[in-house]
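# Structural features, examined
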Amino acid sequence: MQRIIIFTFIFFFLFSSVSFAKEPSDTLKKYIDKTFEVFKTYDNPTNSTEYKLEFENKLIDLAKDIFAFDIMSRMVLGRHYRELSKAQQKEFECLFIELLAQNYFDKILSHVDDIKKFPKDNIKIIDQTIFSSRKAEVKTEIKYQDKYTPVNYRFVFLGKKWKIYDVYVEGVSLIKNYRSQFKDMLLKKSPKKVIDELRAKLKDTKCNKKFNNGCFKLRSLYFMCNRGLWYAN
Amino acid sequence: MRIKKEVIWIILIIFSYSNLALAIKNSSNYDDIMSEIESEYSDENTKKVSDPLEPVNRVMFKINDKLYFYFFKPVAKTYTEIVPLNFRQGISRAFTNIKYPIRAVNYILEFKFVNFFKATCRLIINTALGFGGLLDPASGIKSLKKPPKADTGLTLGKWGLGHGVYVVLPVFGPSSLRDGVGTIGDYFLNPITYVEPAYASYGIKGGEKLNYLSLHLGEYEDLKSAAMDPYIAVRNAYIQHRDSLLSNN
């Protein structure tokens, strides 16, 4: 149960559309409150799969608002990221989000009742370190039963908002961990094969093979779509 | 009317140019941010561990995996059904309490005298008032909150020793040459080692492991299902976790 609670607050501390927060710890604090509110709305007495799926999608959308998944998927691949075509990069990002979703969110949803009962005071923001004008870390501690688990969030300031690009649970970075795995795979296999393997690992996915990122297709505007406009998000 | 139209055009053009300029400015900014973050994950900053034994380690990892699913997990599950959670937590605390010498000696070897003092106070309070350590009244005192972990492997690390080679031990799982040597130190510092007869000592240690496992069921499964390559995931998590313990205390 401990780990379910931790999963929950790794990802759902953290969503809502709060922006313009001056400090990352403020952003985080607002998200904690929002999280509890959103979980309160979960009402699924018949335990229907459809409702769960709908709720999960809602959670993913909200998580996208606070997690810089594009940066995360980029860091996970490291220098190999450049070896991927634009379409592959988008496809990988989509699949990587699903990998996280299928492994964490699914489990969270089977324990919503416990999460609802979880006292808010057991999550403490301990410390905030500003590394530079656009990088910071917020240290938190989640108490469950009699065990304290340190969970630290790395934030990056993207024009308007602080967004999370890495999570450290008990000193273990999520990104570093995946990065070491993908690095090992990409030494032996082509990027395409790695993406196919990732796709095969997922139960079923909405990520299309030829991923359409929904941006302008005009060549001259392409970079704005991937950088400039993304930045304005 | 014509003038108005022209004004609107001019405004539109200026507006779109300023947007373009902003986009260009932002894109260079974006690259800066990317390289700033990227540097955090570069090879120099992520301490690597050499793994020349990888083929052997992978075999051992597979054996441990099977052992876990077909033996240790079912046993721990049955144990979980028999012994209530509170009691298992108490047992876990009591074992931590008993293993005081491991902490004490290593705090001294690391020159962490404050931690040594805290650990000693905790031992006295928890043994006397906490039924031999089953309860943890010392944590109720703010200044006596658990000091960071200490074991012989960490002390060797504090002294500047690197991990050396990554190894997967039978049953015990991930370790490194340094931490493996550390385990030998911990073995001799553990009072349970000196319980007579020897099989009783091993029995108690086995019980401790079983109790520990019962409190951590499902963690390995989670890691495995989220991983692309569980072997690498465990190796990396082990090294990261040990390194963070080293830099935290």
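Bear in mind the structure is a predicted one, so any value in this text is a computation, not a measurement. (Residues numbered from 1 in each chain as written. Chains lettered and ligands numbered in written order. Predicted model: local features only at pLDDT ≥ 70, side-chain atom pairs only at ≥ 80, totals over all residues. Heavy atoms only, no water.)

This brings us to the overall build of chain B. A count of helices and strands for chain B gives 10 helices and 2 strands. The order of helices and strands in chain B, counted from the N terminus, is α-α-α-α-α-α-β-β-α-α-α-α. The buried share of chain B, taken over its 249 residues, is 41%. For chain B, the share of sequence-separated contacts (at least 6 apart) that also reach a separation of at least 24 residues comes to 69%. (Helix = DSSP H or I, 4+ residues; strand = E, 2+ residues; numbered from the N terminus. Buried < 20%, exposed > 50% of the residue type's maximum accessible area, 1.4 Å probe, protein only. Contact = heavy atoms within 4.5 Å.)

At the junction of the two partners, chain A supplies 51 residues and chain B supplies 43 residues. Seen at the junction of chain A and chain B, the total is 6 salt bridges. Among the salt bridges present, the one from A:Lys135 reaches B:Glu40, with a minimum N-O distance of 2.7 Å. The interface formed by chain A and chain B holds 20 residue pairs in polar contact (both at pLDDT 80 or more) in total. Looking at the side of chain A that touches chain B, the element that brings in the most residues is helix 7 (residues 174-188) of chain A, giving 12 residues. (Salt bridge = Lys/Arg side-chain N within 4 Å of Asp/Glu carboxyl O. Polar contact = N/O pair within 3.5 Å; in protein donor to acceptor, adjacent residues only side chain to side chain.)

Turning to the sheet that holds strand 1 (residues 123-132) of chain A, a few remarks are in order. Across the sheet, 5 strands lie side by side as 1-2-3-4-5 (chain A); this open sheet has antiparallel pairing. Whereas interior strands pair on both sides, the edge strands pair on one side only; in this sheet they are strand 1 and strand 5 (172-173) of chain A. (Pairing = 2+ DSSP bridges.)

This next bit is on the packing of helix 7 of chain A against helix 8 (residues 191-201) of chain A. All names here are of chain A. As a packed pair, helix 7 and helix 8 sit with axes 8 Å apart at the nearest point and diverge in direction by 130 degrees. As the angle between them shows, helix 7 and helix 8 are arranged oblique. Read as a crossing pair, helix 7 and helix 8 show a hand that is right-handed. Contacts between helix 7 and helix 8 involve Phe182, Met185 and Leu186 from the former and Pro191, Val194 and Glu197 from the latter. (Axes fitted to C-alpha atoms, helices over the stretch in contact; angles between N-to-C directions. Parallel < 35°, antiparallel > 145°, perpendicular 65-115°, else oblique. Left-handed = near helix turned anticlockwise from the far one by under 90°.)

With that settled, the discussion passes to the environment of B:Tyr220. Residue and element names in this part refer to chain B. In this structure, Tyr220 sits in helix 9 (residues 219-226). The sequence separation of Tyr220 and Tyr68 amounts to 152 residues, and the corresponding C-alpha distance is 9.3 Å. Beyond its immediate sequence surroundings of up to four residues, Tyr220 is in contact with Phe61, Asp65, Tyr68 and Phe69.

Enumeration over the complete set of coordinates arrives at 27 salt bridges over all chains. Of the charged contacts in the structure, one is a salt bridge between B:Asp51 and B:Arg235, with a shortest N-O distance of 2.6 Å. Here B:Arg235 lies in helix 10 (residues 230-248) and B:Asp51 lies in the loop between helix 1 (2-40) and helix 2 (54-82), a separation of 184 residues in the sequence. Each member of the pair B:Asp51 and B:Arg235 is classed as buried. Between B:Asp65 and B:Lys224 there is a salt bridge whose closest N-O contact spans 3.1 Å. A residue pair is termed long-range when its members are at least 10 positions apart, and B:Asp65 in helix 2 and B:Lys224 in helix 9 qualify at 159 residues. Under the relative-accessibility criterion, B:Asp65 is labelled buried at 8%. Among the charged side chains, a network of salt bridges with common partners joins A:Asp184, A:Lys188, B:Asp51, B:Glu54, B:Arg58, B:Asp229 and B:Arg235.

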